[in-house]
Amino acid sequence: MSLKLTTRLPLRAVSHSPRHRPRPLSLPRHLRRAAPARRFFWPPSPPVQAPAQQEHLVHDATNEGQLDGKPSRHIAVNIDGGPRAFDTVFLRDSCTCAQCVDPDSKQKLFQTSDIPHDIQGSCKTVEDPEKGWMIEVEWENDVKGYGSEHRTRHSLDWLRRALNVELELRGCVRNDERVLWDKERITKDNKWIDYEEYMASDEVLFDALSHLNQYGLLFLRNVPDSEESVVDVAGRIGTLKDTFYGRTWDVRSKPKAENIAYTPQFLGLHMDLLYTSNPPHLQFLHSLRARAPRGESFFSDSFHAANILHQASPFHFRTLCTFPVTYHYHHPTHHYHYTRPTVELFPYPKYSEPTNLAINRVNWSPPFQGPFEARIGGENQIALRNYLAAANAFEKLLSAEENLYEYRLEEGECVVFDNRRVLHARRAFDATKGERWLKGAYVDDDVFFSKLRVLQEKFEGRWIAEGVVRHAVK
Ligand SMILES: [Zn+2]
């Protein structure tokens, strides 16, 4: 089957040079079967030689009898050299005209469930002075209450983005920029940011949060000696996450103190609050006093370890993706309890085969583990044995010397890390020889990604809204 270009509008100053002649195309197989109800639009010709829009419009041979403007259930647009079909339900549902989305509140004014199953669209292309080439759809059997004047416009840029399932479903934060690290890599790439610059400049903040999203680890220096500083550092991103530990909390040890909240002993690699349904995303630790010898912090990138494990043993990796591990915090006044697998993948079809990009989160907090809740016996006994082998292999990778980044926080320094990715631990320290005091806070993932998207939009124009790819504001 071949496609051929047809003219939709009366010719206006059309160049008929061979460059603009229709050329036959063969359709991808998946489109051949369903071709009759579809029509194809081509992206703009090179700007200088693009005098008319007829070249955007393509019909396949079976559509030849239909004129443009005839409604159909699918509309195919040529994106980067290939026809891509869009369901009219999708195009209608994502309409952002003032009738469909309130311009002030940005709230959607109709429901997806209101869209009639037999809705059809007829389409033409228009050139918007600001948004570039767009398709404009006129509706047949539109949502009840919408008049015949209702039109939906989508830019080609927006449609291209809509095809990018990975980016869309991850809220436009690019996971393919993540850098998995071992000791050598993070020692080389580690980032230190000055507190004053972090607080004053959005550009520095964007740099800091982008790095945090790539590596899961960031350091600040010259942080003022105040219990409130950690509130300022975390609050620069957004609302702090309150937990039963408080809005901020202390990891503090004084010689001969009446209450030593935390023991000075070794604390193994772990993540915080995995016994809650939504553990904190970012953790902040500001060093107010570091006068006790030792007490180094160390960090390990669990995504890196999981990635290596996946390469070495897909079976172990899959076990960690499926076997349920229970975490709890069981005390007289608080009883938290949550069960989750060790590795959580993004639930997208694209990643039916897990890769390093498919990892969404890792859960690893041995000190807070409770009894397993998988039914024990029969096949599950094998599952438990499989988990034991996988957990053992994973732990070896997490705590391998070449994967650990060790650093002793000095007074006035603050570490920020992704609590769903980077494990933290602390060496024992000598509490009798001086004071050690860290002030901590948490920020949720929603808050972090919201700020990152806002800054991305401001500095890189990556986020799309209102049917247009926004360009960076310089
Ligand atoms: Zn609309």
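For the structure, check the block above.
Just so it is clear, the structure is predicted and the values come from calculations on it, not from any experiment.

A. Seen up close, the overall build of the protein chain. Within the protein chain, the regular secondary structure consists of 12 helices and 24 strands. In the protein chain, buried positions account for 30% of the 474 residues. Counted over contacts in the protein chain with a minimum sequence separation of 6, partners at least 24 positions apart contribute 73%.

B. Summary view of the packing of helix α9 (residues 302-312) against helix α10 (residues 314-322). Where α9 contacts α10, the two axes come as close as 5 Å, and the packing angle between them is 130 degrees. What the angle tells us is that α9 and α10 run oblique. For the pair formed by α9 and α10, the contact residues are Ala306, Leu309 and His310 on the first element and Pro314, His316 and Phe317 on the second. Among the residues forming the contact of α9 with α10, the class breakdown is four nonpolar, two polar and no charged.

C. Focus on α10. Residues of α10 that are buried include every one of His316, Phe317, Thr319 and Leu320, and no others. Projected down its long axis, α10 carries its buried residues within an arc of 160 degrees, all on one side. Away from the buried face of α10 by more than 90 degrees, exposed residues Pro314 and Phe315 are located.

D. Looking closely at the sheet that holds strand β6 (residues 120-128). Strand order in the open sheet made by the three strands is β6-β7-β8, with antiparallel pairing throughout. Edge positions in the sheet fall to β6 and β8 (151-155), since each of these pairs with one other strand and no more. For this sheet, the mean angle separating the axes of adjacent strands, direction not counted, is 25 degrees. Two elements, strand β7 (residues 132-140) and β8, share five bridges in a ladder whose sense is antiparallel. Among the inter-strand pairings, Ile135 is bridged to a residue of β8, identified as His154. Docked against the sheet, helix α3 (residues 156-163) engages β7 and β8, running at close to 75 degrees with respect to β8.

E. Here's a closer look at the sheet that holds strand β12 (residues 267-270). Taken in spatial order, the four strands of this open sheet run β12-β21-β14-β19, and their pairing is antiparallel. The sheet is open, and its two edges are formed by β12 and β19 (404-407), each paired on a single side. Within the sheet, the average angular offset between the axes of one strand and its neighbour, ignoring direction, is 15 degrees. Relative to β19, strand β14 (residues 297-301) runs antiparallel, the two sharing four bridges. Opposite Ser297, over in β19, you have Tyr407 as the bridge partner. In this fold α9 packs onto β14 and β21 (422-426), with an angle of close to 40 degrees to the strand it touches most, β14.

F. Looking closely at the environment of Leu218. Here Leu218 lies in strand β10 (residues 217-221). The sequence separation of Leu218 and Trp192 amounts to 26 residues, and the corresponding C-alpha distance is 6.6 Å. Dropping the residues within four chain positions of it, Leu218 is found in contact with Lys191, Ile193, Ala208, His211, Leu212 and Val416.

G. Region of the structure containing the pairing of β10. Across three bridges, the pairing between strand β9 (residues 192-194) and β10 is parallel. Looking at the pairing, Ile193 lines up with Leu220 of β10. Pairing of β10 with strand β20 (residues 414-418), which is carried by four bridges, proceeds in the antiparallel orientation. When the sheet's bridge partners are listed, Leu220 is paired in β20 with Cys414.

H. Up close: the packing of helix α7 (residues 202-215) against helix α12 (residues 445-459). Taken N-terminus to C-terminus, the directions of α7 and α12 make an angle of 125 degrees; their axes are 10 Å apart at the nearest point. In terms of orientation, α7 lies oblique with respect to α12. Taken as a pair, α7 and α12 cross one another with a handedness that is left-handed. From α7, Asp202, Glu203, Leu205, Phe206, Leu209 and Asn213 reach across to α12, where they touch Lys451, Leu452, Leu455, Lys458 and Phe459.

I. Summary view of unusual backbone geometry. The phi dihedral of Lys106 is positive, around 65 degrees, even though this residue is not glycine. Looking at the secondary structure, you find Lys106 in the loop between α2 (88-93) and β6. With phi around 65 degrees, Arg294 is a residue other than glycine that occupies positive phi space. Position of Arg294 among the secondary structure elements: in the loop between β13 (282-290) and β14. Among the residues examined, Arg294 registers 14 C-beta atoms within 10 Å and is labelled partly exposed.

Definitions and cut-offs
Each chain carries its own residue numbering, running from 1 in the written order of its sequence. With the structure being a predicted model, the display of local features is reserved for residues of pLDDT at least 70 and the display and counting of side-chain atom pairs for 80 or more, all residues being used for whole-chain, interface and lining totals. Numbering of helices and strands runs from the N terminus; a helix is a DSSP stretch of H or I covering at least four residues, while a strand is a stretch of E covering at least two. A residue is called partly exposed when the number of other C-beta atoms within 10 Å of its own lies between 12 and 20, exposed at 12 or fewer, and buried at 20 or more, with C-beta atoms placed from the backbone. Any pair of residues counts as being in contact when their C-beta atoms, constructed from backbone geometry, are within 7 Å of one another. Note on definitions: angles span 0 to 180 degrees between N-to-C directions of axes, and those axes are lines fitted to C-alpha atoms, for helices only across the stretch in contact. Relative orientations are named as follows: roughly parallel for angles under 35 degrees, roughly antiparallel for angles over 145 degrees, roughly perpendicular for angles from 65 to 115 degrees, and oblique for any other angle. Gly falls in the polar group here, along with every residue not listed as nonpolar (Ala, Val, Leu, Ile, Met, Phe, Trp, Tyr, Cys, Pro) or charged (Asp, Glu, Lys, Arg). Directions are taken from the helix axis to each C-beta atom, and the arc is the one they span. Strand pairing is assigned whenever DSSP identifies at least 2 bridges connecting the two strands. Each crossing is labelled by how the near helix is turned from the far one, with a counterclockwise turn of less than a right angle marking it left-handed and a clockwise turn marking it right-handed.

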